[in-house]
Amino acid sequence: MKKICSLLMICCLLAGMLCGCGSTDSGGSQAEDGTTTITIWHDKEDAIIAVLEERLKVLAPEINIVFEKKSDLTEALKMVGNDPKAAPDMYFFAHDKIGVYAEMDILAPITDIIPKEELDQYMDSTIAAATYKDEIYQLPIYYETLLFMYNRLYMDDSEVPETTEELYAYMEENTKGGHYGFVEQHSTPYYAAGWINGFGGYILNEDGVPGLDDAKTIAAVEYHKKFVALMPGETEYATVNTLFSEGMAHSTIAGPWMIPTVRAQGMDVGVAPMPVIDETGTPIAPYMGVQGIQVLKFAAENKKDAVEQVLRVLMEPEVGVELAQASGCAPANEACYELDEIKSDEVVMAMKETAESAVPMPNIPEMDVMWTVAGNFLTDVNMSGKDVAESAADAQKEAEKLIESMQ
Amino acid sequence: MNRKKKNTLFAYAWSAPSLLLILLIVIFPILYTGYISLTNMNVYHWNDYEIIGLENYKDALFVFDNGFIKAFLVTILWTIVNMVLQLIIAFILASMLNIRKLKLRNVYKTLLIFPWAMPGYVSILLWKTGMFNSQFGLLNQWLASVGEEPVRWLNSDVMAFICCTVVNLWLALPFMITIIDGALQSIDKSYYESALLDGATWMERTRYITIPMIRAIIAPSVVITVFTTFKQFDVIYLLTQQVGSKTGADIHTIMTYAYENAFITNNYGYSSAISMIIFIILILFSMVTNMKPKEEEGRA
């Protein structure tokens, strides 16, 4: 009896272990009651998702929308993207991973669902960002660019530098006694790209060719060095943003997501156009990230009607307005900029102005290796004091080797 | 079926859940990695990958260039320095915990175990921003209070290596202290009493009683810790190499080196080949460390 009991327990234990290997079925096109569930993965803050949830309620009860926050969305999609039982139907994320997922063949072109001409209402740069190998894979919702911000307690509106040399003069005068005239994440490629693009250089071009040893890139990094010398050694997000939010740095280049935080701390923060680089006559041109909806292939094939209805709700200009009001997002839909609610928003309009010179972040798979290689290059130059041209040549070789290894 | 066979069968049946679990979470991933390393699986061949033989291993050998050899030597130095310091400090602290009539012993034990209870990621970033940060870190606040210039602790290779070692010790000491403390408590006190009667000093008691008696107990923990330290990634990567917060130090262990030279490429076949080579290196390393000295083998 004892042995039979123990054998039974072993069987139960084994069955228990193995049933954990199954997965919940989120696939299929329609439930028995005629409703369709659309699962959307995202990595966004609650305020943004609350707006989308509210707008999408009009589709209930026929279409049930489930937003799932995934902190490691990009890796999770790589793992389950081609498994309809585990993958979402759509995901809400920046455009820069489109190339990877398109190559993995898990994305459906958005034009399979929404006719191309209807996408004309979006800003050209957002559509360019959403395009990979001539196919549009994203419905743009809003975009982000870095902004030049200043603390009015220290920097008067009349003191805001219009050129980089004016900025440098301000830094020289005000970087003392634990205060900094200007700070930024100087050795992080996403931030340094603004200077490189402003010089006409590039980190990676649309053909997947690295441009770290391009003469213009080298000139940009060389010119940028004198600004770095007047900034703190640390380049990471926490230090730079804390220096600004604590009032120890008078100005910074940072993302719009920082504005609500510093305002909540009581800072009178101003937003200004990017300074024009004296050497080239063009403004600092940061990368632009476009946040939008990507549809997975399985959902596009099996839940096309429901997916289309979701996308059409999200295409309404009111969604852009509400997102701008809730979280300072700059709408991708041109129609929004005709509305007073948007025209009167200082931050959104500053982003629109910066977007005119901004460069969409490359969305090709090769960019994945460039963040590390370009980061090492900038660190070597700015923090280890190595020669720019030599470091650029080494980094270029490294980037080419890694890109070759991707194949 | 005779009784012996029946017993064997039951023994396997009872062990089956554990064996299956080991198979699923240890053996299967290794075999699967081995399989992927023979394919061309990457973002361009995600679903339609095929077996390409040993091509990835041929490419992987290029990663094992001068940079890899330097990283390998740093890894060995890192492992030795950390293990020696861990054993010495843990032994001293555990010995102090075993001082007779020590008051608040449990409070000290709880405090010493605390770093182990915190997630490593959180601890490392706390050290990075709370202690080593040149603007807000405690170390520079102390220096400023005595009129010294701030130091960029993680900027140079040597200083960064020392800082990484300090953090690794902070994270790893609780485990070693616990093991040595347990081992010390298992020693029969009568040995010490006899030694005291014979006039043995503290050093002699430690050398001839304590160390020989705890050696066998702590040996498996030392082997485990050697491996954890050898394949350490988090401490060095998060303190000095993390994308977006690099510090200027260029110290790489084989794991951080392989990460920057293979894993970021999204080429799973190629990365798997490198993982398998590192796995083989670790197995060889394990065989060497498990080799018993000849005299000990003879005694056994």
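Since this is a predicted model, take the numbers as computed values, not measurements. (Residues numbered from 1 in each chain as written. Chains lettered and ligands numbered in written order. Predicted model: local features only at pLDDT ≥ 70, side-chain atom pairs only at ≥ 80, totals over all residues.)

Enquirer: I'm lost on the overall build of chain A in this one. Help?
Expert: Scanning chain A for helices and strands turns up 17 helices and 13 strands. Over its C-alpha atoms chain A spans a radius of gyration of 24 Å, differing by no more than 12% from the 22 Å that the globule rule assigns to 407 residues. C-alpha atoms of chain A, sized along the principal axes, occupy 85 × 55 × 45 Å. Residue burial in chain A is summarised as follows: out of 407 residues, 49% are buried. Long-range pairs, those at least 24 residues apart, make up 75% of the contacts in chain A between residues at least 6 apart in sequence. (Helix = DSSP H or I, 4+ residues; strand = E, 2+ residues; numbered from the N terminus. Rg over C-alpha atoms; globule rule 2.2 N^0.38 Å. Buried ≥ 20, exposed ≤ 12 C-beta atoms within 10 Å, placed from the backbone. Contact = placed C-beta atoms within 7 Å.)

Enquirer: Can you help me understand the overall build of chain B in this one?
Expert: The number of helices and strands found in chain B is 13 helices and zero strands. Against the compact-globule benchmark of 19 Å for 300 residues, chain B has a radius of gyration of 24 Å, which places it well outside the compact range. Considered along the principal axes of its C-alpha atoms, chain B spans approximately 80 × 75 × 35 Å. Counting over 300 residues, chain B shows a buried share of 28%. The long-range share in chain B, meaning contacts at least 24 apart out of those at least 6 apart in sequence, stands at 70%.

Enquirer: When you look at the environment of B:L173 in this model, what are you seeing that I'm missing?
Expert: All names here are of chain B. Mapping L173 onto the fold places it in helix α7 (residues 157–185). In this structure L173 comes out as buried when scored by C-beta crowding, with 20 C-beta atoms within 10 Å. Taking the C-alpha atoms as reference points, L173 and I113, separated by 60 residues in sequence, lie 8.3 Å from one another. Excluding residues that lie within four positions of it along the chain, L173 makes contacts with Q86, I89 and A90.

Enquirer: I keep staring at the interface of chain A and chain B and nothing clicks. Help me out?
Expert: Size of an interface, as often reported, equals the accessible area lost when the parts are brought together. Each partner contributes residues to the interface: chain A has 37 residues there, and chain B has 32 residues. Those elements that place two or more of their residues in the side of chain A that touches chain B are α1 (2–19), α4 (98–103), α9 (237–245), α16 (367–382) and α17 (388–406) of chain A. A class-by-class count of the residues in the side of chain A that touches chain B yields 17 nonpolar, 15 polar and five charged. (Nonpolar A, V, L, I, M, F, W, Y, C, P; charged D, E, K, R; others polar.)

Enquirer: Quick question: what am I supposed to make of the packing of helix α8 (residues 215–228) of chain A against α17(A) here?
Expert: Axis angle and axis distance: for two packed helices, these are the angle between their axes and the distance between the axes, and together they describe the pair. All names here are of chain A. Closest axis-to-axis distance for the α8/α17 pair is 10 Å, and the angle between their directions is 130 degrees. Relative to α17, the element α8 is oriented oblique. Seen along the crossing, α8 lies across α17 with a hand that is right-handed. Touching T217, I218, V221 and E222 of α8 are V388, A389 and A392, all from α17. A class-by-class count of the residues in the contact of α8 with α17 yields five nonpolar, one polar and one charged. (Axes fitted to C-alpha atoms, helices over the stretch in contact; angles between N-to-C directions. Parallel < 35°, antiparallel > 145°, perpendicular 65-115°, else oblique. Left-handed = near helix turned anticlockwise from the far one by under 90°.)

Enquirer: Help me understand the domain arrangement of chain A in this model?
Expert: Residues and elements named next belong to chain A. On domain assignment, one finds that chain A holds domain 1 (2–144 + 288–360) and domain 2 (149–285 + 363–405). For domain 1 versus domain 2, the separation of C-alpha centres amounts to 31 Å. The interface is formed by 19 residues belonging to domain 1 together with 16 residues belonging to domain 2. Elements with a contribution of two residues or more to the side of domain 1 that touches domain 2: α4 and α15 (346–355). Taken together, the residues that form the side of domain 1 that touches domain 2 break down as nine nonpolar, five polar and five charged. (Domains from an automatic or database assignment.)

Enquirer: I tried to follow the pairing of strand β2 (residues 63–69) of chain A on my own but got confused; where do I start?
Expert: Taken residue by residue, a regular strand's side chains alternate between the two faces of the sheet. All names here are of chain A. Pairing geometry for strand β1 (residues 36–42) and β2, over seven bridges, is parallel. Looking across to β2, one finds that H42 is bridged to K69. For the crossover that starts at β1, traverses helix α2 (residues 46–56) and ends in the parallel β2, the hand is right-handed. (Pairing = 2+ DSSP bridges. Right-handed = clockwise from strand over helix to strand, strands pointing away.)

Enquirer: What is the right way to look at the environment of B:L73 in this model?
Expert: Along the chain, B:L73 turns up in helix α3 (residues 66–97). The spatial distance from the C-alpha of B:L73 to the C-alpha of B:L126 is 28 Å, given a sequence separation of 53 residues.

Enquirer: Help me out: how do you make sense of the nonpolar core in this one?
Expert: It is characteristic of soluble globular proteins that their nonpolar side chains tend to be buried jointly. The biggest cluster of nonpolar side chains holds 122 residues, and the ones touching the most others in it are A:M90, A:M288 and A:L296. With eight residues, α16(A) is the single largest residue contributor to this core. Counting contributing residues, this core receives three or more from each of domain 1 (2–144 + 288–360) and domain 2 (149–285 + 363–405) of chain A. Setting aside chain neighbours within four positions, we find A:M288 in contact with A:S125, A:A129, A:Y143, A:T145, A:A355, A:A358, A:V359, A:P360 and A:M361. In terms of nonpolar packing, the next biggest core, distinct from the first, is built from 40 residues, B:A71, B:V167, B:L239 and B:Y257 among them. (Core = buried A, V, L, I, M, F, W, Y, C linked by C-beta atoms within 7 Å.)

Enquirer: Help me understand the confidence of the model for chain A in this model?
Expert: Any region with low pLDDT has predicted coordinates that should not be read closely. On average, residues of chain A score 89 in pLDDT, and 92% of them reach the 70 mark or higher. Confidence drops under pLDDT 50 across residues 20–27 of chain A; counting only partners more than four residues distant or on other chains, this segment forms eight contacts. (pLDDT = per-residue confidence, 0-100.)

Enquirer: Would you explain the sheet that holds strand β8 (residues 147–151) of chain A in this entry?
Expert: Within a sheet, each strand pairs with its neighbour through backbone hydrogen bonds, oriented either parallel or antiparallel. Residue and element names in this part refer to chain A. Judged by pairing direction, the sheet is antiparallel, and its three strands sit side by side in the order β9-β8-β10 without closing on themselves. Two strands close off the open sheet at either side, each with one partner strand: β9 (251–254) and β10 (269–272). In this sheet, neighbouring strand axes are inclined to one another by 30 degrees on average, regardless of whether the strands run parallel or antiparallel. Where β8 lies against β9, four bridges are found, and the strand directions are antiparallel. Considered in β9, the bridge of F148 is made with I253.

Enquirer: Looking at this structure, I do not really get α7(B). What am I missing?
Expert: Helical geometry: 3.6 residues make up each α-helical turn, so side chains three or four residues apart lie on a common side. Given a rise of 1.5 Å per residue, 29 residues ought to cover 42 Å, and the 40 Å separating the end C-alpha atoms of α7(B) matches this to within 8%. Maximum bend of α7(B): about 45 degrees, positioned at B:A172, with proline B:P174 one to four residues after it. (Expected span 1.5 Å × (residues − 1). Bend = angle between axes of the 7 residues up to and from the residue.)

Enquirer: What should I look at first to understand the confidence of the model for chain B in this one?
Expert: All names here are of chain B. Here chain B shows a mean pLDDT of 87. Residues at 70 or above account for 96%. By mean pLDDT, the top-scoring element of chain B is α7 (93), and the lowest-scoring one is helix α13 (residues 294–299) (52). Among the prediction metrics, the complex's ipTM stands at 0.80, with pTM recorded as 0.84.

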